[in-house]
Amino acid sequence: MGLRTFAVVALAAALGWLVFRAAVTRRVPWISLALVLLLLVPLFVTERQWLSTENRLAGVARSEARNGLGVHCQRFGETFTYAGSELGHVEYDETGAPRTAAFLSYDTCQQLSAYLGSAADRAAPTLDEVIAVHVLTHETAHLTGIAVESEAECWAVQRDARTATMLGATPDQAAALVATYWTQVYPRMPDAYRTPDCAPRARLDETPTDSTWP
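Residues numbered from 1 in each chain as written. Predicted model: local features only at pLDDT ≥ 70, side-chain atom pairs only at ≥ 80, totals over all residues. Heavy atoms only, no water.

1. What about the overall build of the protein?
In terms of helices and strands, the protein carries eight helices and three strands. In sequence order, the protein lays out its α and β elements as α-α-β-β-β-α-α-α-α-α-α. With the C-alpha coordinates of the protein rotated into their principal frame, the extents come out at 75 × 45 × 30 Å. Looking at the protein as a whole, 38% of its 214 residues are labelled buried. Pairs at least 24 residues apart make up 60% of the contacts formed inside the protein by residues separated by at least 6 positions. For the protein, the accessible surface area stands at approximately 11900 Å², while carbon and sulfur atoms represent 59% of it. Looking at the protein, you have 17 positive and 23 negative side-chain charges, and the mean spots of the two groups are 13 Å apart. (Helix = DSSP H or I, 4+ residues; strand = E, 2+ residues; numbered from the N terminus. Buried < 20%, exposed > 50% of the residue type's maximum accessible area, 1.4 Å probe, protein only. Contact = heavy atoms within 4.5 Å. Areas by Shrake-Rupley, 256 points an atom, 1.4 Å probe, with all protein chains shown as cover. Lys, Arg positive; Asp, Glu negative; His and termini not counted. Charge placed at Lys NZ, Arg CZ, Asp CG, Glu CD.)

Here it is as structure tokens:
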């Protein structure tokens, strides 16, 4: 639970107390009620949207990874105590199996929320949104047990279109997103994320007999 969740719970409790007090005393504290509602309503709406986004992303990850781990969207409050700089990561246990939900950074989840919530963004996503969709796919690759970054990256670029489609993109929009990532982002990735084996008819091409890439 994040700070916003605690704030919503606390304000809801305060609202309940004010209503109970008004019923007992037969005096309505209009100013106090107005102040609590003024804070509670926008926080509740924002929290509901955040949880809805996280659940939607988790559903995509679970479907593709075929396990129940899902994803965790970093809360704003967590950014103050998080020392890492990754857009996402997955932790493994001593056997090499993923042991936690995929962690997605606050910025990544914000970009994914924007992509999910706007048909215009799915038609013409920003480069940050393209990267965010790919990060979700890449971390899903790690949830399947693929630990090598270059292999997870290649697994992901071949499934980004499916991720985009599950997030509401049309097939043409999904194909355009993949092309943008492959031509504008992948060539600039660190060496650990790139390999000559990730190419048409190379070792990591999962459909080498067709003419489609990625």
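2. Quick notes on the packing of aromatic side chains
Inspection of every chain in the model, using the stated rule, returns four aromatic pairs. With a centroid separation of 5.9 Å and an interplanar angle of 35 degrees, the aromatic rings of Trp-17 and Phe-20 are classed as tilted. On the criterion of helical spacing, the pair formed by Trp-17 and Phe-20 is a turn pair, its members being three residues apart in helix 1 (residues 3-25). Among the aromatic residues, those joined into a ring-pair cluster are Trp-182, Tyr-186 and Trp-213. (Phe/Tyr/Trp six-rings, centres within 6.5 Å; stacked < 30°, edge-to-face > 60°.)

3. What to know about the state of the cysteines
Taken as a whole and assessed by the stated rule, the structure comprises two disulfides. With a sulfur-sulfur separation of 2.1 Å, Cys-73 is cross-linked through a disulfide to Cys-109. Across the S-S bond linking Cys-73 and Cys-109, the dihedral sits near -90 degrees, which makes this disulfide left-handed. Of this pair, Cys-73 sits in strand 1 (residues 71-73) while Cys-109 sits in helix 3 (residues 106-117), placing them 36 residues apart in sequence. Each member of the pair Cys-73 and Cys-109 is classed as buried. Two residues, Cys-154 and Cys-198, share a disulfide whose sulfurs are 2.2 Å apart. Taking the torsion about the sulfur-sulfur bond, which here is approximately 95 degrees, the covalent link between Cys-154 and Cys-198 counts as right-handed. One end of the pair, Cys-154, is in helix 6 (residues 149-157); the other, Cys-198, is in the segment after helix 8 (171-185), and 44 residues separate them in sequence. (Disulfide = S-S within 2.5 Å.)

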